[in-house]
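# Architecture at a glance
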Amino acid sequence: MKRVFSGVQPSGVIHLGNYFGALKRFVDFQDEHECFYCIVDYHAITVYQDPKELSRQIEDTALYFLAAGLDPQKVTLFVQSDVPCHAELGWMLQCIATFGELSRMTQFKEKSEGKETVSGGLFTYPALMAADILLYDTDYVPVGEDQKQHVELCRDLAERFNSRYGPTFKVPEPLIPEYGARIKSLQDPTKKMSKSDPNPLSYISLADSKDEVARKIRRAVTDSGREVVYRPDEKPALANLLSIYSLCVNKPISEIEEMYRGRGYADFKKDLADVIIQTLEPVQKRYSEYKQSGVLKDILSNGAKRANEVSSAVLKRAKEAMGLSTLIDPVKRTI
Ligand code: TYM
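Residues numbered from 1 in each chain as written. Predicted model: local features only at pLDDT ≥ 70, side-chain atom pairs only at ≥ 80, totals over all residues. Heavy atoms only, no water.

## Section: the domain arrangement of the protein chain
Per the domain assignment, the segments making up the protein chain are domain 1 (3–176 + 294–322) and domain 2 (200–291). Taken together, the 19 residues of domain 1 in the interface contact 16 residues of domain 2. Applying the counting criterion to the domain 1 and domain 2 interface returns 0 salt bridges. Inspection of the domain 1/domain 2 interface yields 4 residue pairs in polar contact (both at pLDDT 80 or more). Ranked by residues supplied to the side of domain 1 that touches domain 2, first place goes to helix H3 (residues 51–67) with 5 residues. (Domains from an automatic or database assignment. Contact = heavy atoms within 4.5 Å. Salt bridge = Lys/Arg side-chain N within 4 Å of Asp/Glu carboxyl O. Polar contact = N/O pair within 3.5 Å; in protein donor to acceptor, adjacent residues only side chain to side chain. Helix = DSSP H or I, 4+ residues; strand = E, 2+ residues; numbered from the N terminus.)

## Some details on the pattern of salt bridges
For the coordinates displayed, the defined rule picks out 20 salt bridges. For lysine 210, the salt bridge goes to glutamate 281, with nearest N and O atoms at 3.4 Å. With lysine 210 in helix H9 (residues 210–219) and glutamate 281 in helix H12 (residues 265–293), this pair connects stretches of sequence that are 71 residues apart. Note on lysine 210: relative accessible area 48%, which makes it partly exposed. Three or more residues joined by partner-sharing salt bridges are found here, namely Arg3, Glu34, Arg306 and Glu309. (Buried < 20%, exposed > 50% of the residue type's maximum accessible area, 1.4 Å probe, protein only.)

## Some words on the packing of aromatic side chains
In total, this model carries 16 aromatic pairs according to the counting rule given. Arranged with centres 5.3 Å apart and planes meeting at 85°, the rings of tyrosine 260 and phenylalanine 268 form a pair that is edge-to-face. Note on tyrosine 260: relative accessible area 1%, which makes it buried. A relative accessible area of 0% places phenylalanine 268 in the buried class. An aromatic cluster is present here, built from Phe5, Phe36, Phe78 and Tyr136 joined pairwise through their rings. (Phe/Tyr/Trp six-rings, centres within 6.5 Å; stacked < 30°, edge-to-face > 60°.)

## Regarding the site of the ligand
Tyr125, Asp132, Asp146, Ile183 and Lys195 are the nearest of the 28 residues found near the ligand. Looking at the shell around the ligand, the elements that each hand over two or more residues are strand E1 (3–8), helix H1 (16–29) and helix H7 (120–134). By residue class, the composition of the shell around the ligand is 12 nonpolar, 11 polar and 5 charged. (Near = heavy atom within 4 Å. Nonpolar A, V, L, I, M, F, W, Y, C, P; charged D, E, K, R; others polar.)

## A closer look at the UniProt feature "binding site: L-tryptophan" (unreviewed entry) in the protein chain
Within the UniProt annotation, "binding site: L-tryptophan" (unreviewed entry) is assigned to Asp132. Once residues lying within four places of it in the same chain are set aside, the contact partners of aspartate 132 are Phe5, Val40, His43, Gln80 and His86. A polar side-chain atom of aspartate 132 sits 2.8 Å from a polar atom in the side chain of histidine 86. (UniProt positions renumbered as here; feature names shortened; annotations may be inferred.)

## A closer look at unusual backbone geometry
It is generally the case that most residues other than glycine have a negative phi and that most peptide bonds are trans. In this model, aspartate 137 sits at a positive phi of 45°, which is unusual for a non-glycine residue. Within the secondary structure, aspartate 137 is located in the loop between H7 and strand E4 (140–142). Residue asparagine 250 is not a glycine yet carries a positive backbone phi of 60°. Judged by relative accessible area, asparagine 250 falls into the exposed class, the value being 67%.

## Considering helix H10 (residues 236–249)
If you check H10, its first and last C-alpha atoms are 20 Å apart, about what 14 residues at 1.5 Å a residue would give, namely 20 Å. Within H10, 12 of the 14 residues are buried, leaving the element largely enclosed by the surrounding structure. Listed as buried for H10 are Ala237, Leu238, Ala239, Asn240, Leu241, Leu242, Ser243, Ile244, Tyr245, Ser246, Leu247 and Cys248. The inward-facing, buried residues of H10 contact H1, helix H11 (253–259) and H12. Just beyond H10, the residue with positive phi is asparagine 250, at close to 60°. (Expected span 1.5 Å × (residues − 1).)

## Some points on the state of the cysteines
Scanning all chains against the criterion turns up 0 disulfides. With no disulfide of its own, cysteine 38 lies 12 Å from the sulfur of cysteine 85, the closest cysteine sulfur. Residue cysteine 38 is classed as buried on the basis of its relative accessible area, which comes to 0%. (Disulfide = S-S within 2.5 Å.)

## A word on the environment of alanine 131
Summarising the element assignment, alanine 131 is placed in helix H7. Taking C-alpha positions, alanine 131 is 25 Å from glutamine 73, a pair spaced 58 residues apart along the chain. Here alanine 131 is in contact with His86, Leu89, Gly90 and Leu93, once residues within four sequence places are set aside.

## Section: the pairing of strand E2 (residues 34–39)
Counting buried positions over the 6 residues of E2 gives 5, a clear majority of the element. When E1 meets E2, the two strands line up parallel, connected through 6 bridges. Residue phenylalanine 5 lies in a different strand from E2, and its bridge partner there is phenylalanine 36. Note on the crossover from E1 through H1 to E2: the handedness is right-handed. Sheet analysis places E2 next to strand E3 (residues 76–79), joined by 4 bridges and oriented parallel. Residue pairing across strands places tyrosine 37 opposite leucine 77, the latter belonging to E3. (Pairing = 2+ DSSP bridges. Right-handed = clockwise from strand over helix to strand, strands pointing away.)

Given below as structure tokens:
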């Protein structure tokens, strides 16, 4: 079976972009692939997180993975900081990555722009992400468009390591969906829908109530004119709303344009709110069921155990290749 790895940060809300760009797709792999899905809390602390809020969000993010339809019997779901190999290989890969290539990461440029200070972790973050992926001999990495550059860096680091120290890592491939790879902000279609956007009107959270969804869609910006047509260059805001509609009902955009031919934006937006609400309903239901069931701790403990087994064998291989000490066996954690 081919291996799949992906991660989501437990910082801020989980929104429709995360759902269509990542979570919903994770479910599609679970029957025919061996899947490792990770709540990447070490990544979240590259910017300040309130400790109480962070631990609440770790739990919440894990619940949303399950609510999206992941079956804990089929996939390994775990929290990054429960598996020490991630931080260890992360350091080793920081020593392989160059200052120049880390400086070219667009996400670092965006997140550091205009800030008086940024953490060293924010800069070296892609090396940790590469470690996450390489520790599982991963074949495929399903992500949204914004993570493509990071996965490409991961491939470069794996190839560099292999050519310096001998074949050690499998070189993974990013899987970016044709649709849903970049859901835009509802307030500004030049920006992606983002957890860190201070304006809640810009995103639909998976936790939003029916009224909130309806209000956010009513207030979503549209373009001039009244025809419901998919023309991303001319009508980027409407094109985004059409993409969301199409993903919710799983129908091609052309069919939706046809449905609204001769009708205006108001009808379209009202129905869009309804299809989003219908998409969120089963997710919210499963979220509450999992939350009440109290099984999360066991699922994450089992996940961490399995992730530790697999990743420690790969870490041992990498340490040996580099000539580092393996007196403390990374698999057994004893001498
Ligand atoms: P994060 O937590 O920002 O986002 C989680 C996933 O959601 C996708 N995504 C989107 N997709 C479509 N439209 C959007 N507006 C949108 N916003 C986010 C992201 O592409 C991602 O797939 N660095 C990663 C987390 C990470 C990771 C990994 C991912 C750490 N280690 C290893 C894959 C493999 C991040 O910050 O994602």
